[in-house]
Amino acid sequence: MAKVTRDDVARLAGTSTAVVSYVINNGPRPVAPATRERVLAAIKELGYRPDRVAQAMASRRTDLIGLIIPDARQPFFGEMAHAVEQAASERGKMVLVGNTDYVGEREVHYLRAFLGMRVSGLILVSHALNDLAAAEIDAWDARVVLLHERPEAIDDVAVVTDDLGGAQLAVRHLLEHGYEYVACMGGTAETPAVGDPVSDHVEGWRRAMDEAGLPTEGRLFEAPYNRYDAYRVALELLSGPNRPPAVFCSTDDQAIGLLRAARELRIDVPGELGVAGFDDIKEAALTDPPLTTIASDRSAMARAAVDLVLDDGLRVAGSRRERLKVFPSRLVVRRSCGCV
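The structure presented is a predicted model; accordingly, all values stated were derived computationally and were not measured.

Even after reading the chapter, I still don't get the sheet that holds strand E1 (residues 64-69), so can you show me in this structure?
The strands making up a sheet associate through backbone hydrogen bonding, with each pair oriented either parallel or antiparallel. Across the sheet, which stays open at both edges, the six strands sit in the order E2-E1-E3-E4-E5-E11 with parallel pairing between neighbours. With partners counted over all chains shown, the strands left at the sheet margins are strand E2 (94-99) and strand E11 (324-327), one partner each. On average, each strand axis in the sheet is inclined to that of its neighbour by 20 degrees, with strand direction left out of account. In this sheet, strand E5 (residues 157-161) lies alongside strand E4 (residues 144-147) in parallel orientation, the contact comprising three bridges. Following the sheet pairing, Leu147 is matched in E5 by Val159. Strands in contact with helix H5 (residues 75-90) are E1, E2, strand E3 (121-124) and E4; relative to E1, the strand with the most contacts, it is inclined by about 170 degrees.

Please clarify how the nonpolar core should be interpreted in this entry.
The tendency in soluble globular proteins is for nonpolar side chains to be buried as a group. Core analysis: the largest hydrophobic core is formed by 68 residues, its most contacted members being Ile123, Leu147, Val182, Phe248, Leu258 and Leu273. In terms of residue count, H5 provides more of this core than any other element does, eight residues in total. Leu64, Leu115, Val119 and Ala134 belong to the second largest nonpolar core, which has 19 residues in total.

Is there a simple way to explain the pattern of salt bridges in this structure?
Oppositely charged side chains may form a pair once their charged atoms are brought near each other. Taken as a whole, this structure holds 16 salt bridges when the rule is applied. As a salt-bridge pair, Glu79 and Arg298 come within 2.6 Å of each other at their nearest N and O atoms. Note that Glu79 is positioned in helix H5 and Arg298 in helix H12 (residues 298-309), a separation of 219 residues in sequence. Looking at Arg298, the relative accessible area reads 11%, which means it is buried. Connected through salt bridges with shared partners, the residues Asp71, Arg73, Asp101 and Arg106 form a single ionic network.

Calculation rules
- Residues numbered from 1 in each chain as written.
- Predicted model: local features only at pLDDT ≥ 70, side-chain atom pairs only at ≥ 80, totals over all residues.
- Heavy atoms only, no water.
- Pairing = 2+ DSSP bridges.
- Helix = DSSP H or I, 4+ residues; strand = E, 2+ residues; numbered from the N terminus.
- Axes fitted to C-alpha atoms, helices over the stretch in contact; angles between N-to-C directions.
- Contact = heavy atoms within 4.5 Å.
- Core = buried A, V, L, I, M, F, W, Y, C linked by side-chain atoms within 4.5 Å.
- Buried < 20%, exposed > 50% of the residue type's maximum accessible area, 1.4 Å probe, protein only.
- Salt bridge = Lys/Arg side-chain N within 4 Å of Asp/Glu carboxyl O.

Here is the structure:
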């Protein structure tokens, strides 16, 4: 049986091969609905399957977007990856995902691998982009959009949350409940001082405490981002002689670990301990008690990142402020803070 070609589809649909291409690739030019239906019917009747490899060789681009994240096992990054995949699918693209585990060498590995595959663009969630990774991006002249974090090593377009403002909202809300002060569970010694969301969360906590005239010295505690290690830190913090009356956690995963530690130590939340997190992962509504947290529109952020990485005007010069798309944060009130 002879291989079905694009010419065969065009002949049956009564249109040109260019129009068939526009339908298959969802662009770059619009196609009238009636014509699109004829082309799709012809594709179905003939059993036509586009040769994606040939297309990639001709255009030097694939229908793939590379997404590099720190750790998909963490719910926040898993939910973000899913949102990117959905947004990419709406644009007719597929997503390749690489997990760096916060290791710079693995980040470089995935950068080289994905760029070598001629992806249409890269969406990068980088904990601390090193100089080697930045050089790799420059060498390939790659389309890159930074998502969630904005490391200083590169100056590409970034899609982020108002992390600093969101943290201030959470801490102010805890203080409004009358807690004497709010401690902060921040990041680790490896957390970048600039461009990292957790650093902004810590700075937001500091500003809210300063506004209230409260000292922060001795009230910031280092903790890994995941719930398992945060749980161990929280056990030590909550069982010590200077147990804080309230804690703002830089991630929901940290807060989940802290809530587990409080339950084991028989500390009533929120009666004896107020808690707020940041991210509004789906599990936050199911913790005991449900977690007060800060949310942003991850679906809209993912869609913006995909649209930007596929935009031909992505690399147009502009100031860092113009190249930074900031989505607002909002307070999600549940019971862990003291609200009923």
